[in-house]
Amino acid sequence: MEKTLDVVRAALESKRVELLRSIRSQSSQLTIGEAEHDLIDRMQGMCSRDQAVTFLDALTTTLAQVNTAIQAIQDGSYGVCVECEQPISQRRLQVTPWASHCIRCQESREQRQHMGVDMATWPEAA
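Residues numbered from 1 in each chain as written. Predicted model: local features only at pLDDT ≥ 70, side-chain atom pairs only at ≥ 80, totals over all residues. Heavy atoms only, no water.

Draft legend 1. Expanded view of the pattern of salt bridges. This model, assessed by the stated rule, comprises three salt bridges. Note that R9 is salt-bridged to D6, the shortest N-O span being 3.2 Å. Pair noted here: R9 and D6 are both in helix α1 (residues 2-27), with a separation of three residues, about one helical turn. A salt bridge links K15 to E18, with the nearest nitrogen and oxygen atoms 3.4 Å apart. Of this pair, K15 and E18 both sit in helix α1, three residues apart, which is roughly one turn of the helix. (Salt bridge = Lys/Arg side-chain N within 4 Å of Asp/Glu carboxyl O. Helix = DSSP H or I, 4+ residues; strand = E, 2+ residues; numbered from the N terminus.)

Draft legend 2. Looking closely at the side chain of Q26. Mapped onto the elements, Q26 comes out in helix α1. In this view, Q26 contacts A52, F55, L56 and L59; residues no more than four positions away in its chain are not counted. (Contact = heavy atoms within 4.5 Å.)

Draft legend 3. Seen up close, the environment of R16. Locating R16 in the fold gives a position in helix α1. The exposure class of R16 is partly exposed, given its relative accessible area of 30%. With residues up to four places along the chain from it excluded, the contact list for R16 reads L63, V66, N67 and I70. (Buried < 20%, exposed > 50% of the residue type's maximum accessible area, 1.4 Å probe, protein only.)

Draft legend 4. View of the environment of L20. Mapped onto the fold, L20 is located in helix α1. For L20, a relative accessible area of 25% corresponds to the partly exposed category. Sequence separation between L20 and L59 is 39 residues; the distance between their C-alpha atoms is 8.4 Å.

Draft legend 5. Up close: unusual backbone geometry. One non-glycine residue, E85, adopts positive backbone phi at about 65°. Assignment of secondary structure puts E85 in the loop between α2 (39-75) and α3 (90-95). Judged by its relative accessible area of 61%, E85 is exposed.

Here it is in structure tokens:
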């Protein structure tokens, strides 16, 4: 089991480095170019920056999940759903090693988000 966790930790560390590189790369697209004098150029620049921000948001969210998974390995809670505290399936962890929720809880979470229920106030909203 320890050997498996070492492999997972190495994969997570590799993913972390990859995400940090991508974040640095995307961050460079947020600068305003001096050539944006024309209104159309400014609008196109704004659209490109909006897309970069959306992508950066996804990257930083994944980075936070990877960091949390690395911490979970260190504290011995890796592979346990943070919501229901049941084991996360090995198949799910193979696909998404930074998963913090089992499939059932993840689907429930996504459904609540889709319905527009604030996750922080979910118990009060129920």
